[in-house]
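Listed below, chain by chain, are the residues.
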Amino acid sequence: TRSTRPQRMLKAVQKNATKGNPQSVISAIDYFCKNSEWAMNVGDEKGSILDSVVTEVNPSTVLELGTYCGYSTVRIARLLSPGTKLITLEFNPAYAAVARQIIAYAGLQDKVTLVEGSSGEWIPQIKERFGITTFDFIFLDHWKDQYLPDIKLFEECGLLRKGSVLLADNVICPGAPDYLEYVRNSPRYESRYYPAHLEYTKLEDGLEKSVFLG
Ligand SMILES: Oc1cc(-c2ccc(F)cc2)cc2cccnc12
Ligand SMILES: [Mg+2]
């Protein structure tokens, strides 16, 4: 049977990247998406903004919602201080299977805990399962209608502290209007929009960075 796009992306990484070299994995995926097949990775333009926010926050606790093939997981994990791990949630088992292999190819498997399941199911379990009290940095990059319910769940579960940074992909395309309205109007967040483009295209998109004020 025909391979899937994530499987073809993995093959491109195995062919063109150097094992244990995260930057070469990132470059191989971007090359594949620019020259072979578009795929919904955060991409190089928005990825550079992600890099700058992660570097600025220098988080000790990190959560990613929406692993897909692990592109942003690799981008984030390569910047974390030694001993710091990130938790990434992926609902789709086929995506998770490819992501594990791409993360391992980059040599970052010891810095990543990939959990298969839905954010709504897993967020309430994180404290007890992973011994985490609050997150310093959260990257939202899953289904756009889940952004708002999930940020409310973070608040209800006490997973945010004064200064926690949430960065959301695709707030313009495909768009998360209810999430944007919430973080931009809530007195509990300081929000800022980073204009960019939908990965590998000229279409407008951007990232929304929201700091929890406590
Ligand atoms: O970065 C993303 C982009 C898109 C997307 C798909 C088709 C389009 F025509 C435009 C945008 C979907 C995502 C779903 C989940 C996480 N990220 C996504
Ligand atoms: Mg995205």
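These figures come from a predicted structure and were not determined experimentally.

Turning our eyes to something else, we now look at the coordination of the magnesium ion (ligand 2). Protein-derived coordination of the magnesium ion (ligand 2) comes from D141 (OD), D169 (OD) and N170 (OD1), at a distance range of 2.0 to 2.2 Å. Every donor residue of the magnesium ion (ligand 2) comes from the same chain, spaced as D-x27-D-N. Taken together, the positions of D141 in the loop between β4 (137–140) and α8 (147–156) and N170 in the loop between β5 (165–168) and α9 (171–175) put the pair 29 residues apart, joining distant regions of the chain. One exposure class covers both D141 and N170, and it is buried.

Quick look at the packing of α8 against helix α10 (residues 177–185) now. Relative to each other, α8 and α10 sit at 40°, their axes nearing to 8 Å. By the angle between their directions, the pair α8 and α10 is classed as oblique. Side by side, α8 and α10 meet where Y147, L148, I151, K152 and E155 of the first sit next to D178, Y179, Y182 and V183 of the second. Partitioned by chemical class, the residues of the contact of α8 with α10 number six nonpolar, no polar and three charged.

All right, on to the sheet that holds strand β1 (residues 62–65) then. Strands sit in the order β3-β2-β1-β4-β5-β7-β6 across an open sheet of seven strands; the sheet is mixed. Bordering the open sheet on either side are β3 (112–116) and β6 (189–197), each of which pairs with just one other strand. Averaged over all adjacent pairs, the angle separating strand axes in this sheet is 15°, with direction ignored. Pairing of strand β2 (residues 86–90) with β3, which is carried by five bridges, proceeds in the parallel orientation. Bridging across to β3, L86 finds its partner in V112. The strands touched by helix α3 (residues 43–57) are β4, β5, β6 and β7 (204–212); relative to β6, the strand with the most contacts, the crossing angle is about 150°.

In the structure shown here, the tally under the stated rule is zero disulfides. A disulfide-free cysteine, C33 has its sulfur positioned 8.3 Å from the sulfur of C69, the nearest such atom. Judged by relative accessible area, C33 falls into the buried class, the value being 6%.

A word on the pattern of salt bridges. Taken as a whole and assessed by the stated rule, the structure comprises 14 salt bridges. The salt bridge partner of K144 is D141, with a shortest N-O separation of 3.7 Å. Relative accessible area serves as the criterion here: at 13%, D141 is assigned to the buried category. We note a salt bridge from R184 to E208, for which the minimum N-O separation is 2.8 Å.

In this section: the confidence of the model for the protein. Interpretation of the predicted coordinates at a detailed level should be avoided for regions scoring low in pLDDT. Averaged over every residue, the pLDDT of the protein is 98; the share at 70 or more is 100%. Model confidence for the complex: the whole-complex pTM is 0.99, and ipTM, which rates the interface, is 0.99.

Time to look at the packing of helix α1 (residues 5–16) against helix α5 (residues 93–105). Between α1 and α5, whose axes approach to 10 Å, the crossing angle comes to 10°. The orientation of α1 relative to α5 falls into the category roughly parallel. Contacts between α1 and α5 involve P6, Q7, L10, V13 and Q14 from the former and Y95, V98, Q101, I102 and Y105 from the latter. Partitioning the contact of α1 with α5 into residue classes produces seven nonpolar, three polar and no charged.

Cut-offs and rules
- Residues numbered from 1 in each chain as written.
- Chains lettered and ligands numbered in written order.
- Predicted model: local features only at pLDDT ≥ 70, side-chain atom pairs only at ≥ 80, totals over all residues.
- Heavy atoms only, no water.
- Donors = N, O, S within 2.8 Å, 3.2 Å for Na, K, Ca; no water.
- Helix = DSSP H or I, 4+ residues; strand = E, 2+ residues; numbered from the N terminus.
- Buried < 20%, exposed > 50% of the residue type's maximum accessible area, 1.4 Å probe, protein only.
- Axes fitted to C-alpha atoms, helices over the stretch in contact; angles between N-to-C directions.
- Parallel < 35°, antiparallel > 145°, perpendicular 65-115°, else oblique.
- Contact = heavy atoms within 4.5 Å.
- Nonpolar A, V, L, I, M, F, W, Y, C, P; charged D, E, K, R; others polar.
- Pairing = 2+ DSSP bridges.
- Disulfide = S-S within 2.5 Å.
- Salt bridge = Lys/Arg side-chain N within 4 Å of Asp/Glu carboxyl O.
- pLDDT = per-residue confidence, 0-100.

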